[in-house]
Amino acid sequence: MNNINTQAVHPATRNPIAKPVLAIAAVMLLTALTPNQAFAKNCRKVYLQVTNATGGPIKIKDLDYYDTESEKWRSIRVKNEVIGSNAVWQETRTLAHVNNQNVKLKIKYSTKGKHFWKAHKPYVSGSQMCSKRAAYRVTIN
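Residues numbered from 1 in each chain as written. Predicted model: local features only at pLDDT ≥ 70, side-chain atom pairs only at ≥ 80, totals over all residues. Heavy atoms only, no water.

Hey, could you go over the nonpolar core for me, with residue numbers and the actual values?
Leu48, Trp89, Leu95, Cys130 and Tyr136 are the most contacted members of the largest nonpolar core, which has 23 residues in total. With residues up to four places along the chain from it excluded, the contact list for Tyr136 reads Val46, Tyr47, Leu48, Gln49, Val103, Leu105, Gln128, Met129 and Cys130. (Core = buried A, V, L, I, M, F, W, Y, C linked by side-chain atoms within 4.5 Å. Buried < 20%, exposed > 50% of the residue type's maximum accessible area, 1.4 Å probe, protein only. Contact = heavy atoms within 4.5 Å.)

Here it is, written out as structure tokens:
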């Protein structure tokens with residue numbers, strides 16, 4: 001009687017180069033399913049607080065933070081928030097791409113004139129390490 005091996009063998013496993021290539025492809029697929037590097041570098045649940053000590057109302061027009069690694073400013077969307085005199089604006093946000101980096105904030109705001117809002121003024125905070133649940137407290141004078 002003939003001993004015939006009936007076990008199916010995939011053609012790719014016959015090639016000695018195919019096994020390592022398949023292994024690398026499997027690792028790449030698994031890596032694609034995990035959080036990417038940019039997500040892992042997010043500074044999550046950061047508390048942002050802006051206190052208006054100018055003596056009159058201000059309107060926050062834009063809020064940016066500096067990514068020191070990429071050497072560029074990144075924007076945080078904010079509505080045109082009006083902050084009354086001696087009042088506080090606060091939010092909790094995620095700052096992308098800057099976990100465990102020194103970060104500074106730039107707040108562009110307008111002051112109230114007699115009949116209209118005056119031109120934007122920038123305020124840049126000092127630098128602080130960004131990590132999960134970090135707190136940035138800024139007072140605009």
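Lay out the pattern of salt bridges with the relevant residues and their values.
Tallying each qualifying case throughout the model produces four salt bridges. Between Arg93 and Glu91 there is a salt bridge, and its shortest N-O distance comes to 2.6 Å. The partly exposed category is assigned to Glu91, whose relative accessible area is 24%. (Salt bridge = Lys/Arg side-chain N within 4 Å of Asp/Glu carboxyl O.)

An account of the packing of aromatic side chains is requested, with residue identities and associated values reported.
As enumerated under the stated definition, the model contains one aromatic pair in all. Directly above the ring of Tyr66 sits Lys104, whose terminal nitrogen or CZ lies 5.4 Å from the centroid. It is Lys106 that lies over the ring of Trp73; its NZ or CZ is 4.4 Å from the centre. (Phe/Tyr/Trp six-rings, centres within 6.5 Å; stacked < 30°, edge-to-face > 60°. Lys NZ or Arg CZ within 6 Å of the ring centre and 35° of its normal.)

Give a description of the sheet that holds strand β5 (residues 88-95) that names residues and reports values.
Working definition: the strands of a sheet are paired by backbone hydrogen bonds and lie parallel or antiparallel to each other. If you walk across this open sheet you meet the three strands as β5-β1-β10, and the pairing is mixed. Looking at the sheet topology across the chains shown, the edges are occupied by β5 and β10 (135-140). Looking at each pair of strands side by side, their axes are set apart by 20° on average, direction ignored. Across seven bridges, strand β1 (residues 43-52) lies against β5 in antiparallel orientation. (Pairing = 2+ DSSP bridges. Helix = DSSP H or I, 4+ residues; strand = E, 2+ residues; numbered from the N terminus. Axes fitted to C-alpha atoms, helices over the stretch in contact; angles between N-to-C directions.)

Before we move on, could you go through unusual backbone geometry and cite the residues and values that matter?
Within the chain, Glu71 stands out as a residue other than glycine whose phi angle is a positive 55°. Examined against the element boundaries, Glu71 turns out to sit in the loop between β2 (58-67) and β3 (72-76).

Describe the side chain of Lys59, naming the residues involved and giving the relevant values.
Its location among the elements puts Lys59 in strand β2. One buried charged side chain, Lys59, makes no salt bridge at all; its nearest oppositely charged neighbour is Glu81, positioned 11 Å away. Sequence-distant contacts of Lys59, defined by excluding residues within four places in its chain, comprise Asn80, Glu81, Val82, Lys108, Tyr109, Ser110 and Trp117. (Lys, Arg positive; Asp, Glu negative; His and termini not counted.)

Residues and numbers for the environment of Thr94, please.
Along the chain, the position of Thr94 falls in strand β5. With a relative accessible area of 40%, Thr94 lands in the partly exposed category. For the pair Thr94 and Val46, spaced 48 residues apart in sequence, the C-alpha to C-alpha distance is 5.9 Å. Contacts of Thr94, omitting those with residues within four sequence positions, involve Asn42, Cys43, Arg44 and Lys45.

An account of a positive patch on the surface is requested, with residue identities and associated values reported.
Taken together, Arg44, Lys45, Lys132 and Arg133 make up a surface patch of like positive charges. Structurally, the position occupied by Lys132 is in the loop between β9 (128-130) and β10. For Lys132, a relative accessible area of 53% puts it in the exposed group. (Patch = residues over 30% accessible without salt bridge, like charges linked within 9 Å, V, L, I, M, F, W, Y side chains within 5 Å. Areas by Shrake-Rupley, 256 points an atom, 1.4 Å probe, with all protein chains shown as cover. Charge placed at Lys NZ, Arg CZ, Asp CG, Glu CD.)

Tell me about the state of the cysteines, and please be specific about residues and values.
Taken as a whole and judged by the stated rule, the model has one disulfide. Across a sulfur-sulfur distance of 2.0 Å, Cys43 and Cys130 are joined as a disulfide pair. With the S-S dihedral at roughly -110°, the linkage between Cys43 and Cys130 falls on the left-handed side. Placement of the pair is Cys43 in strand β1 and Cys130 in strand β9, with a sequence separation of 87 residues. With relative accessibility at 0%, the residue Cys43 sits in the buried group. (Disulfide = S-S within 2.5 Å.)

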